[in-house]
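A structural walkthrough
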Amino acid sequence: MQCVVLLMLGIYVSISGTARARSVSTYELSKNVHNGTQKKQIMFACLEGESTGTRVEDRGQFSMRADTSLKLKRFRELMAQNNYQAYIIPTDDEHQSEYISNYDKRRQYVSGFTGTAGTAVVLVNDSDGAALWTDSRYFLQAQQELDSNWIMMKDFTPGTPSIPQWISSKLSSGSRVGTDSRLINHRRWLFWKHELVRSGMELVDEHFSLVDKIWTEAEGRPAKPNFPIFVHRLEFAGKRWEDKVEDVREKLKEEGVEGTIITALDNVAWLLNLRGNDIPYNPLFKGYIFVTEDIVRLYVQSHQVTLEVQDHLRTNGCNNKNCVQVLEYDHLAEDLRNFVQHVNKILVPEHVSYFIYNLIPEVKRIVGESPLISMKIVKNPTEIKGMINAHIREAVALADFLSLLEEQVKAGIPWDELKASATIAEFRGEQKLNRGDSFETISASGPNAAGPHYTPKPATNRPIDKDHMYMLDTGGQYLDGTTDITRTVHFGNPTDFEKEMYTRVLMGNINLAMLVFPDGVRDTDVDVLLRLHLYEIGLDYPHGSGHGVGSFLTIHEFPPRIEYYSSGYRGTKLKPGMFLTDEPSFYKEGSFGLRHENLLLVTEATTEHNFQKKNYYKFQTVSYVPFEPDMIKLELLNDKQLQWLNNYNTDIRRIIGPALRQQGKSRALNWVIRKTFNLTRSC
């Protein structure tokens, strides 16, 4: 699962290959990144397409499209009643989450576009149009899903106007632009406001979404999430929530602030050792936390709090610093307004909505990185052990599945992308501690894999056969860890070019896995190693090369992130205990795509010398699924890369072999043995 992360005026925004992410305007990127044709090629060397800002009807008809005419008509009537000439509908929920609940998919409802990143803008007059901005992962999908009411804007592409630029080109001075400030990152909001004011327009600060007026239960809207919250046991969490809160308080003292608001759902869950089921693929629940030296308050729907959770947090009669007061989710705003009257400084995390940001008076507001970020990304020993064990079980499931798939495809038994996606989920579900998938599986055959973020649908479902490459990017949620892995296979006779690309991408994967580096090296520093062997022949891929992974949390845990061309992002120092993916890729539009993804753990390294008495680190690979030996052109690998690959194969046999035997999976065991023999070059 690949990830690109861009910094828009200081906010971290993932636009990854498989990341479920938010889109941002092109203004910042075009100003800081696209200053020449070379960087343009870096972003789009393997992606070709139509010019930006063209209506979908110009691109032919697709059965995936839903007619949005009636929805837009009703929505425009509502806009007119509220005196809005334009309305912005983002992807985000109130927590600026990467994944959102089905209840919160407002942009998808209005536009018909199901991708996880994008921003829709509707103008009140249908002659002026409606437009959707999305990034390169979704260009093909947007073309297939948007109907002729929409203009698709290729975000991060030179020539594509930003949202304020487009609105300003369509409307006159004095126009009112509406949006729900609960759903907009505060930095994005301030940028939009600044740009619109320059054009004489007003960005109206509303605390509700107009979409909710037409998208009701009668219109098929899913129910608001209200699943019970549950305790993430200490045997998996590795540290008491009380100790985590004390660590946060120490950080606040160091920053000279008296409290902080925690809005990111993975931070909320991690801090109090709680989990939920409100968000697809993520064991999270919707809530906020407010922490000071004297109190901890959790804002959730009270009916989600079970007796077990109350006991865990000691909520009954809570009147001291070592327990948690539970209040209703909607009480946060009133509570903050009252509290800020009695403090001097409150830390506001960079990712919060404009609504939350604006609740804190400017003189009392300190905007900065949440202290939980650095605490959460370095895993404790229990979390590290759990992540490794989860990947062993994941490897068992993958070996079981891939061995079956290869056997049956070669025997002529029909398989397709959807069947494969469902089957790997079934095999994963057989494993101990599994709690489902960690993201929507990318099961892509032939040209479908050329879209970095493709997921199969009935209208696009392709057979898996002996004539095309097949890419599987998948992962699971386990009580002791979260997994993410990608393998690309071919069950017939691949072309020489396919083999070369497979090998060059593998060489990039191995380059990072072999790296030994001193303290101070950042995630952004290592990206070029993964691209090196594609660069040699003038090729590249249009996304980052890796991302952090949570511990029974989110599949994309930022930072760290391996990408060097993000505007303004300075990188994160790699430290022991961090997990991050290693996933170089290549895509040939209309033909195939491939990706090799393993999970790496940063560990201490022992070196022969010690320049400037620094600590040195290395990576431990914790994914244990073989690569395809018949796809590897061994003459391209250097000796160290070949040695690493043979050592990796030995580790797979040593670690996964016993697990397969224990579970009685003889077919998978034989498959692993066949794929992990010692590789030698021909003389």
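Just so it is clear, the model here is predicted, and its values are computed rather than measured.

1. Focus: the overall build of the protein
When you go through the protein residue by residue, the secondary structure sums to 21 helices and 31 strands. In terms of C-alpha radius of gyration, the protein reaches 25 Å, essentially the compact-globule figure of 26 Å for 683 residues. With respect to the three principal axes, the spread of C-alpha positions in the protein is 75 × 60 × 50 Å. Residues classed as buried in the protein amount to 63% of the 683 residues present. For the protein, restricting intrachain contacts to residue pairs at least 6 apart in sequence, the fraction spanning at least 24 positions comes to 73%. For the protein, the accessible area works out to roughly 25400 Å², and carbon and sulfur atoms hold 48% of it. Between the averaged position of the 79 positive side-chain charges in the protein and that of its 86 negative side-chain charges there is a distance of 2 Å.

2. Details of the state of the cysteines
Here the structure, examined in full by the defined rule, presents one disulfide. The disulfide partner of Cys318 is Cys323, and the S-S distance across this bridge is 1.9 Å. Torsion about the S-S bond of the Cys318 and Cys323 cystine: about 85°, corresponding to right-handed handedness. Across the pair, exposure class does not vary: Cys318 and Cys323 are buried alike.

3. A closer look at the nonpolar core
A general feature of soluble globular proteins is that nonpolar side chains tend to end up buried together. One finds Leu271, Leu272 and Leu298 to be the most contacted residues of the largest nonpolar core, which totals 113 residues. A per-element tally of this core places helix α16 (residues 381-410) first, with 14 residues. Excluding anything up to four places from it in sequence, Leu272 contacts Trp241, Val245, Ile289, Leu298, His312, Leu313 and Val324. With 41 residues, the next largest nonpolar core counts Leu123, Leu336, Phe339 and Leu359 among its residues.

4. So, the sheet that holds strand β21 (residues 476-478)
Spatial strand order, β18-β21-β22: three strands in an open sheet with antiparallel pairing. In the strand order of this sheet, the two ends are held by β18 (434-437) and β22 (481-482), each with one partner. Where β21 lies against β22, two bridges are found, and the strand directions are antiparallel. What sits directly across from Gln477, in β22, is Thr482. Along the sheet face, helix α17 (residues 417-429) touches β18 and β21 and points at about 170° away from the line of β18.

5. Description of the pairing of strand β8 (residues 176-180)
Burial analysis of β8 places five of its five residues in the buried class, which makes it a mostly covered element. Here β8 shows a buried face lined by Arg176, Gly178 and Asp180 and a second buried face lined by Val177 and Thr179. In the sheet, strand β4 (residues 86-89) pairs with β8 via two bridges, with the strands oriented parallel. Of the residues in β8, the one forming a bridge with Tyr87 is Gly178. In this structure, β8 lies alongside strand β9 (residues 202-206), joined through five bridges in parallel fashion. Bridge pairing links Gly178 to Val204 in β9.

6. Describing the pattern of salt bridges
On inspection of all chains with the given rule, the structure shows 46 salt bridges. Here Asp480 and Arg393 are joined by a salt bridge, their closest N and O atoms 2.5 Å apart. Of the two residues, Asp480 sits in the loop between β21 and β22 while Arg393 sits in helix α16, which places them 87 residues apart along the sequence. Summarising the burial analysis for this pair, Asp480 and Arg393 share the class buried. Where Asp540 meets Arg531, a salt bridge forms, and the shortest distance between an N and an O atom there is 2.7 Å. In this structure, Asp540 and Arg531 share a single accessibility class: buried.

7. Focus on the pairing of strand β30 (residues 598-605)
Counting buried residues along β30, seven of its eight residues qualify, which places the element largely inside the surrounding structure. As judged from the four bridges shared by strand β27 (residues 579-582) and β30, these two strands associate in the antiparallel manner. Bridge pairing links Leu580 to Leu600 in β30. Bridge analysis of β30 against strand β31 (residues 616-621) gives six bridges, and the strand direction is antiparallel.

8. Regarding the packing of α16 against α17
It is at 9 Å that the axes of α16 and α17 come closest, and there the two elements cross at 140°. On the basis of the axis angle, α16 is oblique to α17. Our pair here, α16 against α17, has a crossing hand that is right-handed. Contact with α16, carried on its side by Glu394, Ala397, Leu398, Asp400, Phe401 and Leu404, involves Ala420, Thr423, Ile424, Phe427 and Arg428 of α17 and no other residues of that element. Partitioning the contact of α16 with α17 into residue classes produces seven nonpolar, one polar and three charged.

Definitions and limits used
Residues numbered from 1 in each chain as written. Predicted model: local features only at pLDDT ≥ 70, side-chain atom pairs only at ≥ 80, totals over all residues. Heavy atoms only, no water. Helix = DSSP H or I, 4+ residues; strand = E, 2+ residues; numbered from the N terminus. Rg over C-alpha atoms; globule rule 2.2 N^0.38 Å. Buried < 20%, exposed > 50% of the residue type's maximum accessible area, 1.4 Å probe, protein only. Contact = heavy atoms within 4.5 Å. Areas by Shrake-Rupley, 256 points an atom, 1.4 Å probe, with all protein chains shown as cover. Lys, Arg positive; Asp, Glu negative; His and termini not counted. Charge placed at Lys NZ, Arg CZ, Asp CG, Glu CD. Disulfide = S-S within 2.5 Å. Core = buried A, V, L, I, M, F, W, Y, C linked by side-chain atoms within 4.5 Å. Pairing = 2+ DSSP bridges. Axes fitted to C-alpha atoms, helices over the stretch in contact; angles between N-to-C directions. Salt bridge = Lys/Arg side-chain N within 4 Å of Asp/Glu carboxyl O. Parallel < 35°, antiparallel > 145°, perpendicular 65-115°, else oblique. Left-handed = near helix turned anticlockwise from the far one by under 90°. Nonpolar A, V, L, I, M, F, W, Y, C, P; charged D, E, K, R; others polar.

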